[in-house]
Amino acid sequence: MVEVRVENVRKMYGKVEALKGASLNFKSGAMTAILGPSGCGKTTLLRSIAGFIQIDEGRVLFGNDDVTELPPQHRGTAMVFQNYALWPHMTIFGNVSYGLRLQKVPEAEIRRRVLKVLELVEIGNLSDVETRKPAALSGGQQQRVALARALVVEPKVLLMDEPLSNLDAKVRQRLRAELRRLQKQVGITAIYVTHDQEEALALADTVVLMNQGQIIQTGTPQDIYLKPGTAFAAEFLGVSNQLEGEVADGKLTIAGQTVSYAGPVRGKAVVIMRASDIQIEDPAATPRPETMALTGILEESLFLGAHYRQYIRVGRIVVMADSADPRPTGAVRLVLPSEKVQVYGQP
Amino acid sequence: MTRRTMRMAGVVLAGMVIFLPLSSLVIWSFAEKWYWPHLFPQQTGLFYWAKVMQGDLLRALTDGFLIAIVVTVLTLVITIPLAYVLARLPVPFKPLILMIFLLPQAFPQLPVFVNSTTLLYQVNLGGKLGGVVLIHMVGALVFAVWTMTAVFKSVPEALEEAAINLGASRFKAFYSVSLPLATPGIIASTLLVFLYSLDEFTGTLLVGSPFVLTLPVYMYRTSVGYELQVASISALMLMVPGIVLLVLLERYMKSEYLSMFGRI
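Scoring rules and cut-offs
- Residues numbered from 1 in each chain as written.
- Chains lettered and ligands numbered in written order.
- Predicted model: local features only at pLDDT ≥ 70, side-chain atom pairs only at ≥ 80, totals over all residues.
- Heavy atoms only, no water.
- Core = buried A, V, L, I, M, F, W, Y, C linked by side-chain atoms within 4.5 Å.
- Buried < 20%, exposed > 50% of the residue type's maximum accessible area, 1.4 Å probe, protein only.
- Contact = heavy atoms within 4.5 Å.
- Helix = DSSP H or I, 4+ residues; strand = E, 2+ residues; numbered from the N terminus.
- Pairing = 2+ DSSP bridges.
- Phe/Tyr/Trp six-rings, centres within 6.5 Å; stacked < 30°, edge-to-face > 60°.
- Lys NZ or Arg CZ within 6 Å of the ring centre and 35° of its normal.
- Domains from an automatic or database assignment.
- Buried area = accessible area lost by both parts, 1.4 Å probe.
- Polar contact = N/O pair within 3.5 Å; in protein donor to acceptor, adjacent residues only side chain to side chain.
- Nonpolar A, V, L, I, M, F, W, Y, C, P; charged D, E, K, R; others polar.

## Here's the deal with the nonpolar core
Where a protein is soluble and globular, its nonpolar side chains tend to be buried together. By size, the foremost hydrophobic cluster in this structure holds 89 residues, and its most contacted members are Phe26(A), Trp87(A), Leu158(A) and Ile191(A). The contact partners of Trp87(A), leaving out residues within four places of it in the chain, are Asn95(A), Tyr98(A), Pro134(A), Arg149(A), Leu159(B), Ala162(B), Ala163(B), Leu166(B) and Val177(B). The next biggest cluster of nonpolar side chains, apart from the first, holds 24 residues, and it includes Ala269(A), Val271(A), Val314(A) and Val319(A).

Below, the structure written as structure tokens:
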């Protein structure tokens, strides 16, 4: 169990700057999720911590040890890869025991520790792990073996690079819960890279949001979700409407319609409204206080399983709103509490 | 005509294309007397087989195999590390290096070999086994470098990273992960090189003659001497290793290797 710190880490790929000076503390014994769209530098940051990438500038520290110049073999991290990266020519036992063999652990202890960790990750039938090869397992089972292979060496840091994204939705959800339980049980410092906001929020103690090689925001899942610091954060963390607006004289204008606005932003603005926060009303209903209302034409209603998504045309733009029941097309009023409207100034 | 009869007709036609020319080789090898306009030999027997077994054929056979084995071993020793490096590490001028191996094949073979012969005689390797081995390796390295680079490319890099991540040295990761996974491909590539060397004719004739004798050269000599029976027998014998090795090759060659060629 060790705290991981990165200080002002920079990495260039040719002329592209993949990491533009990232500084961060990964709390000891906690699960930190690095969240961001593809190409945001999250995998580069993870691989820099593992030592697979030599950083151009900055430092990586495990506790008080500067590991910046240390090759990956000697860092004591263990990684779980997106495509499992199990060795197909070795048995399940061979895969999991590999790290211990390298450490020249006595054979009896290898056996004990491998079986214990395989039990921990709930691989199921332990009797044939010495004959079966990974290809005989399902994707979810393979990733459990990969996790066992990483945990058995008792690494200082567990690194996970989108470990669940190759699995189907049902297995993913179950493994997500198990990963969280395992991490708490073992108490290891874990860093988890994902592009899936739901996964990051569900798994992590701390969520780190990245975009274009920079860390945008760090906080608890609740903080990140409820108080996104930028328009990008708000947009990335949920199905949202991102609208252009303009603030002048305490009024916010969106698609030609004006609503009252008391916030600090002036001039051109980005307005974010979550589809799930918007309620749809009859335009003839009496307006409610402390709300923002826009009128439009409901054009389409799609059934998405958990709810219906309505598409409402407001002037030139289309706003999405979710509701439990379908609504007939025609004129509607969109209402949402004023505090749920997030307005960001345009840079 | 039904589908089945059409298929039958196809099989028969393919069989004729493959086996009719071969059957004439077989017939010739047993013919002791065969003059026009007879459809089959007037007199058949084992006379020429016996004659061949006493003559140079055995020397051609042993020399040919000796050369092929040496060529294969040397090519493997050079190619495995080279192909691994080309597949894994960011080598500068990678396309250029791969092109250099192709270059001798880009020109007409005869002038290339004639020039090489002159050169090899200058360094006292002309007409010797060593010279023939060298001229074979010019061609063998092309096959081997290109196929083995593709083979190592087909082993995902993450598999090695997973080993390094757990504390393995680069060499250990290569030895315990990439090499075993590349083995079927290495075997396939080895067989290709072995067959190439065994069947190589032009270079062997120019560099090795008259002192080095391999099966194809032996066959050529006998057929220009109008000893069609002897030529047929040596052709049949030359086919045997080819068929055996190609059956093996078919077992070890994987389609992934071919798909990797474009990505080298």
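## A closer look at the pairing of strand E12 (residues 251-254) of chain A
All names here are of chain A. Burial along E12 is one-sided: Leu252 and Ile254 are buried, and none of Lys251 and Thr253, which face the opposite way, are. With four bridges joining them, strand E11 (residues 240-248) and E12 adopt antiparallel strand pairing. From the neighbouring strand, Val247 faces E12, where its bridge partner is Leu252. Hairpin remark: E11 followed by E12, antiparallel, with two residues in the connecting loop; positive phi at Asp249, about 55°. One ladder, built from four bridges, connects E12 with strand E13 (residues 257-260); its direction is antiparallel. Opposite Lys251, over in E13, you have Ser260 as the bridge partner.

## Some points on the packing of aromatic side chains
By the definition in use, this model includes 14 aromatic pairs over all chains. Where Phe171(B) meets Tyr175(B), the ring centres are 6.0 Å apart and the plane angle is 15°; that geometry is what we call stacked. Of this pair, Phe171(B) and Tyr175(B) both sit in helix H8 (residues 170-199), separated by four residues, roughly a single helical turn. With respect to burial, Phe171(B) and Tyr175(B) carry one shared label: exposed. Here the aromatic residues Tyr84(B), Phe152(B), Phe171(B), Phe174(B) and Tyr175(B) are joined through ring pairs into a cluster of three or more. One residue, Arg149(A), lies across the ring of Trp87(A), its end atom 4.3 Å from the ring centre. The side chain of Arg274(A) reaches across the aromatic face of Tyr225(A), ending 3.9 Å from its centre.

## Topic: the domain arrangement of chain A
Residues and elements named next belong to chain A. In terms of domains, chain A is made up of domain 1 (4-231) and domain 2 (239-345). Between the C-alpha centres of domain 1 and domain 2 there is a distance of 40 Å. Of the residues lining the interface, six residues belong to domain 1; the matching set on domain 2 comes to six residues. Sorting the residues of domain 1 by area buried against domain 2 places Tyr225, Pro228 and Ala231 first, and these three jointly supply 81% of that buried surface. Taken together, the links from domain 1 to domain 2 amount to two residue pairs in polar contact (both at pLDDT 80 or more). For the side of domain 1 that touches domain 2, the per-class residue count stands at four nonpolar, two polar and no charged.

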